[in-house]
Amino acid sequence: MLAAVAALSDDVARVALDLPLRANLSAVDNIALIPLYQGHYSAAESGVRAQALLEQLGHSDIALLRDPDMTPAQRFVAKLARALILKRPRLVIDRPGAMLYDVPYPDFIRQLAAQAEMTGTWEVYDFSWNQVLYNQALQKE
Amino acid sequence: MNFLATSIESLGAKIAGWFTVGYGMFAFLAQAMLLLLERTTWNRATFDVVIKQVYFTAVQILHVFLGYALVISWLIISIILSTARDFGLTEFASEMTIRVLVLELLPFLTALFIALRSGSAINTEVALMQVNNELDALAHCKVPPMQFEFMPRLIGGVISVITLAGLAGLLALLMGYLAIYGLNAAGFEPFTQTIAKIFDFRIVAGLIVKCALFGLAVTLIPVTAGIETPKKLFMVPVSVLRGMMRVFFAIVAIEVVSLALKYI
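Residues numbered from 1 in each chain as written. Chains lettered and ligands numbered in written order. Predicted model: local features only at pLDDT ≥ 70, side-chain atom pairs only at ≥ 80, totals over all residues.

Participant: Can you help me understand the environment of D11 of chain A in this one?
Facilitator: All names here are of chain A. On the secondary structure map, D11 appears in the loop between helix 1 (2-6) and strand 1 (12-15). The exposed category is assigned to D11, around which 10 C-beta atoms lie within 10 Å. For D11 and S42, which are 31 residues apart along the polypeptide, the C-alpha to C-alpha distance reads 25 Å. (Helix = DSSP H or I, 4+ residues; strand = E, 2+ residues; numbered from the N terminus. Buried ≥ 20, exposed ≤ 12 C-beta atoms within 10 Å, placed from the backbone.)

Participant: Could you clarify how one ought to interpret the packing of helix 4 (residues 93-131) of chain B against helix 7 (residues 188-198) of chain B in this entry?
Facilitator: A packed helix pair is summarised by two numbers, namely the angle formed by the two axes and the spacing between the axes. Residue and element names in this part refer to chain B. As a packed pair, helix 4 and helix 7 sit with axes 10 Å apart at the nearest point and diverge in direction by 45°. With respect to helix 7, the axis of helix 4 lies oblique. Here helix 4 and helix 7 pass one another in a crossing that is right-handed. Contacts between helix 4 and helix 7 pair S94, E95, I98 and R99 from the former with F191, T194, I195 and I198 from the latter. When grouped by side-chain class, the residues that make up the contact of helix 4 with helix 7 number 4 nonpolar, 2 polar and 2 charged. (Axes fitted to C-alpha atoms, helices over the stretch in contact; angles between N-to-C directions. Parallel < 35°, antiparallel > 145°, perpendicular 65-115°, else oblique. Left-handed = near helix turned anticlockwise from the far one by under 90°. Contact = placed C-beta atoms within 7 Å. Nonpolar A, V, L, I, M, F, W, Y, C, P; charged D, E, K, R; others polar.)

Participant: Is there a simple way to explain helix 4 (residues 72-85) of chain A in this structure?
Facilitator: An α-helical turn contains 3.6 residues, so a residue and the one three or four places further along point in the same direction. Residues and elements named next belong to chain A. The terminal C-alpha atoms of helix 4, which comprises 14 residues, lie 20 Å apart, in line with the 20 Å expected from a rise of 1.5 Å per residue. Counting buried residues along helix 4, 11 of its 14 residues qualify, which places the element largely inside the surrounding structure. The complete set of buried residues in helix 4 reads R75, F76, V77, A78, K79, L80, A81, R82, A83, L84 and I85. Downstream of helix 4 by a residue or two, K87 has a phi angle that is positive, lying close to 55°. (Expected span 1.5 Å × (residues − 1).)

Here it is as structure tokens:
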């Protein structure tokens, strides 16, 4: 599984433990880097876009927090927003259990996906022994 | 015999290591220089980071640095003046002050100051970025680390050392004048003549080149040392130690070469 995730092509946006946020930047600055460098928007406009995405995910309160000051769930949301703003056709969440150890994560990811209203597909790669967690979340629905 | 072979092997490995490090640094510098020439590099994002770097490296510490330059200049000028008076060489005091302080000591101390304050911070930050995979994450997001993280630091270092050394030099000239002539305007003409005599084009160009090299040394070496760090947290202090030793030797080497070119 790890090799398969590592070999993903450039059209995939990954959310993974091994792709951390820039520690000395706030959540909003981490996200704003993408439109700043790829979209060539101004710093102010990039910040507005990043803030809007955090609001869309229901976590605008983490905008000014830096990586060490965030809870695992907040960190995950910041990473997810960074991946979403890349606007790649596929989004892969790589072993969410390693990042989201403070929340029941299948439910958490499902809620975020509902809020994000994102085009494209979200794929979750996880260990087979965690399948039961996803089953439980599905049964609740 | 075995001992001799081991010693030769170890020496060879060390020399090969030095060459590898040197090659890595120059290759990195060449890459940064080539990027500087590309139009796409000069986007708003990179420009903003350069401004931030200059602010953190030079503006933020300006008051502390000027205070430090003031004290050092005052002490050195007092020593030069008192020695010149003892030997009856007062007429050479202003020239000696300018040559010792403005051309040599202040740029050297400025480079050391920036190296200790910003160079060590850059080395640590880049090493941590390397260890924590932050550089890989930036690459995944197609945010070029060279343009976003490294080049602004190099440019910021060069601009900061040149401007801080220039400001310290101006302060030292003012202090020198006050120490030699006091608040009397009568000394203005001979003093400015001495300045004009010393600061010919070759000396000014040499001073700027020397400060630019100092600026590169205090940023380029820490950045490359940080990138070289193996992905193990306990290697970060080792990386900073190595980087700062290299910075020290580079600063001393630049100063020695500059003195040799000027006076030998």
